[in-house]
Amino acid sequence: MAKHIFVTGGVVSSLGKGLTTAAVGLLLKRMGLKVKLQKLDPYINVDPGTMNPYEHGEVYVTEDGAETDLDLGHYERFTGDYVSRHSNYTTGQIYQTVIQKERRGDFLGKTVQVVPHIVDEIKRCILALADDETDVVITEIGGTVGDIESLPFLEAIRQLRYDLHSRNCLYMHLTLVPYIKAAGEIKTKPTQQSVGELRRIGIQPDVLIVRTEKHLTDDHKKKMALFCNVDRDAVIEEKDVEHSIYEVPLMLIEQGLDQLVAERLSLPVGRPRIRDWIDMVEVVKHPKHRVRIAVAGKYIQHQDAYKSVYEALKHAGIAHKTEVELLPIEAEDFEKRNGLKRFNKDKPHGILVPGGFGQRGTEGKVAAIRFARENRIPYFGLCLGMQLAVIEFGRNVCGLDSATSSEFDPKSAQCVIDLMPDQREIAQKGGTMRLGAYPCALRDGTKARAAYAAEQVSERHRHRYEFNNQYREQYEHRGMIFSGLSPDGRLVEIVELADHPWFLAVQFHPEFKSTPIQPHPLFRDFIGAALQYAKDHQDAALPADKKEERVG
Ligand code: GLN
């Protein structure tokens, strides 16, 4: 029977609960266990697909095409295992299912209520992951303890300990110990209060994971153990990392969290095998080179809007022992021309345009792409970043002056990016997207084929529009190579330029499949090309302080 770990958060949001959950997942997996991870989100949206990235950060797409919370990206990057749509439920989905059941008459004349019906549905979703092959299910509860909307989720996990027996369940609570500058002290009171709040609703945490800026002393740990009613060795410090989020699992192992969990849940396992992880973190700490990559997007100010893209760039850096410095560029700045000024000043070694929706900022991105093409700077386009590369090439190389996408101007006579005829029908009926994993056949002798070293690959999609096949010949004639197509040849998946050191753009989202242990091949080669560019311009050296750190 599968064991369960429930992760809750207290004091404030944004403590890195998703990261911690992912790190615990990694530890257990590396101890030889089959682990499944899941996030329960208290908001009412059925999924985050319709939310603005400013509200929610990136929408993470799974293999099976679900639009989910970005924490699932951490789960995959840490454990290296794919999650599915069953790894993310929202209040909206839970209510939708219960209401559908009610309409079907499943409740036989009963009054449908939060307790038991909503809570039972939540429990069903948690238990659905606990199949025969799974040793441990880790369930992260979104939001902060004390929020009104997380109550049904907390009630569900409280009941599960009763249903499944306490030896099969473990509650992990993540809190913050703030440092009060004026007093020169860290304070444990918010942690005590947040645990108090959990206990009021019947949950006694077994493990406290304490986020902190400064090291905790033994006294702090004793105090929290005493007042929160947990064992002294179950107060685990999670200090702000110095270099990378990938240090978190190592920090937890150092304090014996792996053994603590194994003991509490009676899991017959040894120490985690993480040599490769330790080596990877060493590379992150001691890079040999540095490259600057400009990312031109629309939601640049929101740290989490391009989470997987930033992580994939860092992974690719690891493959080259290279630190990747990100230069976030607000695409609209380009439209006002100060973007180009910034490029001339910051001198990026590579330019990336990520995915996006809507017209705002697109002219700025087109200008950035043109700059990369004309100055022979490595360019990598993702989804919208491919569509805009096609538009730029149409306008400035193929003489299609008003080349555009029907997303921006449906009436234009030069929609080089358009809906496929069958998609048009679907779109008229309410619009749906190509979501999740699709195969892509690679053409021999191309950069894409060399990167993947495979004839066919599978990548995740989240888009509506495609390359308009009417223009294929014209583009090919002018030097665009269609290096990846759907196996039936109908859909363009990857384009690259013949006459450019590294200009490649994809209709899919490779960032979702990159991990620090296995950097994505296209990201890896993009950073490789950027490093080559930097070396050619005598600009790949690390700043002096980094070098000293390495020597020391
Ligand atoms: N807006 C474009 C489309 O729907 C691109 C989507 C994306 O970049 N994810 O096709």
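Along every chain, residues carry numbers that run from 1 in the direction the sequence is written. Local features in this predicted model are restricted to residues of pLDDT 70 or higher, and side-chain atom pairs are both shown and tallied only at a pLDDT of 80 or more, whereas totals for entire chains, interfaces and linings draw on every residue. With hydrogens and water excluded, all non-hydrogen atoms of the structure serve as input to the side-chain values.

Asker: When you look at the packing of helix α1 (residues 17-30) against helix α3 (residues 71-79) in this model, what are you seeing that I'm missing?
Answerer: When two helices pack together, their arrangement is captured by the angle between the axes and the distance separating the axes. In this analysis, axes come from line fits to C-alpha atoms, helices being fitted only over the stretch in contact, and the angle between any two N-to-C directions falls in the range 0 to 180 degrees. Secondary structure elements follow DSSP: runs of H or I no shorter than four residues count as helices, runs of E no shorter than two count as strands, and numbering proceeds from the N terminus. Viewed as axis vectors pointing N to C, α1 and α3 meet at an angle of 25°, and their least axial separation amounts to 8 Å. When the interaxial angle is binned, α1 and α3 end up roughly parallel. In this structure, α1 meets α3 at a crossing whose hand is right-handed. Residue-level contacts link Gly18, Leu19, Thr21, Ala22, Ala23, Gly25, Leu26 and Lys29 of α1 to Asp71, His74, Tyr75, Phe78 and Thr79 of α3. Think of it as three bins: nonpolar holds Ala, Val, Leu, Ile, Met, Phe, Trp, Tyr, Cys and Pro, charged holds Asp, Glu, Lys and Arg, and polar takes everything else, Gly as well. Grouping the constituent residues of the contact of α1 with α3 by class yields six nonpolar, five polar and two charged. Each angle is binned into one of four classes, with values under 35 degrees roughly parallel, values over 145 roughly antiparallel, values of 65 to 115 roughly perpendicular, and all other values oblique. Helix crossings get a hand from a simple test, with the near helix turned counterclockwise from the far one by less than a right angle marking a left-handed crossing and a clockwise turn marking a right-handed one. Two residues form a contact once any of their heavy atoms are found within 4.5 Å.

Asker: Please clarify how the pattern of salt bridges should be interpreted in this entry.
Answerer: One side chain can pair with another of opposite charge once the charged atoms of both are near each other. Take a side-chain nitrogen of Lys or Arg and a carboxyl oxygen of Asp or Glu: if they are within 4 Å of each other, that pair is a salt bridge. Taken as a whole and assessed by the stated rule, the structure comprises 45 salt bridges. The salt bridge involving aspartate 218 is made with arginine 232; its shortest N-O contact spans 2.9 Å. Placement of aspartate 218 in helix α8 (residues 218-228) and of arginine 232 in the loop between α8 and β11 (235-239) is noted, with a sequence separation of 14 residues between them. Measuring nitrogen to oxygen at the nearest pair gives 2.7 Å for the salt bridge that ties arginine 292 to aspartate 539. Taken together, the residues arginine 292 in strand β12 (residues 289-297) and aspartate 539 in the loop between α20 (521-536) and α21 (544-551) connect sequence positions 247 residues apart. Residue arginine 292 is classed as buried on the basis of its relative accessible area of 12%. Sharing partners across several salt bridges, the network here consists of Lys39, Asp41, Asp69, Asp71 and Glu140. Under the scheme applied here, a residue whose accessible area is under 20% of the maximum for its type counts as buried, over 50% as exposed, and between as partly exposed, the area being computed with a 1.4 Å probe on protein chains only.

Asker: I tried to follow α20 on my own but got confused; where do I start?
Answerer: Owing to its 3.6 residues per turn, the α-helix brings residues three or four apart onto one side. Here α20 is 16 residues long and its end C-alpha atoms lie 22 Å apart, about the 22 Å a rise of 1.5 Å per residue gives. Taken as a whole, α20 has its buried residues at Pro521, Leu522, Phe523, Phe526, Ile527, Gly528, Ala529, Ala530, Leu531, Tyr533 and Ala534. Within two residues after α20, glutamine 538 carries a phi angle of roughly 50°, on the positive side. By this rule, a helix spans an expected 1.5 Å times one less than how many residues it contains.

Asker: Help me out: how do you make sense of helix α5 (residues 114-128) in this one?
Answerer: Between its terminal C-alpha atoms α5 stretches 20 Å, which fits the 21 Å expected from 15 residues at 1.5 Å a residue. Residues of α5 that are buried include every one of His117, Ile118, Val119, Glu121, Ile122, Lys123, Cys125 and Ile126, and no others. Contacts made by the buried residues of α5 are with β1 (3-9), β2 (35-41), β5 (88-90), α4 (91-104), β6 (136-141) and α6 (151-164).

Asker: What am I meant to see in the sheet that holds strand β21 (residues 480-485) here?
Answerer: For sheets, the rule is that strands pair by backbone hydrogen bonds, running either parallel or antiparallel. Pairing between strands is defined by DSSP: at least two bridges between the two strands are required. Pairing is mixed in the open sheet, where nine strands are placed in the order β13-β12-β14-β15-β23-β22-β21-β18-β19. The outermost strands of the open sheet, each flanked by one partner alone, are β13 (322-330) and β19 (456-463). Neighbour-to-neighbour, the strand axes of the sheet open up by a mean angle of 25°, direction not taken into account. Judged from the nine bridges that link them, β12 and β13 form a sheet pairing that is parallel. Within the sheet, the bridge partner assigned to alanine 296 lies in β13 and is isoleucine 329. Packing against the sheet, α20 makes contact with β12, β13, β14 (350-353), β15 (379-382) and β23 (503-506), and its axis sits at approximately 115° to β12.

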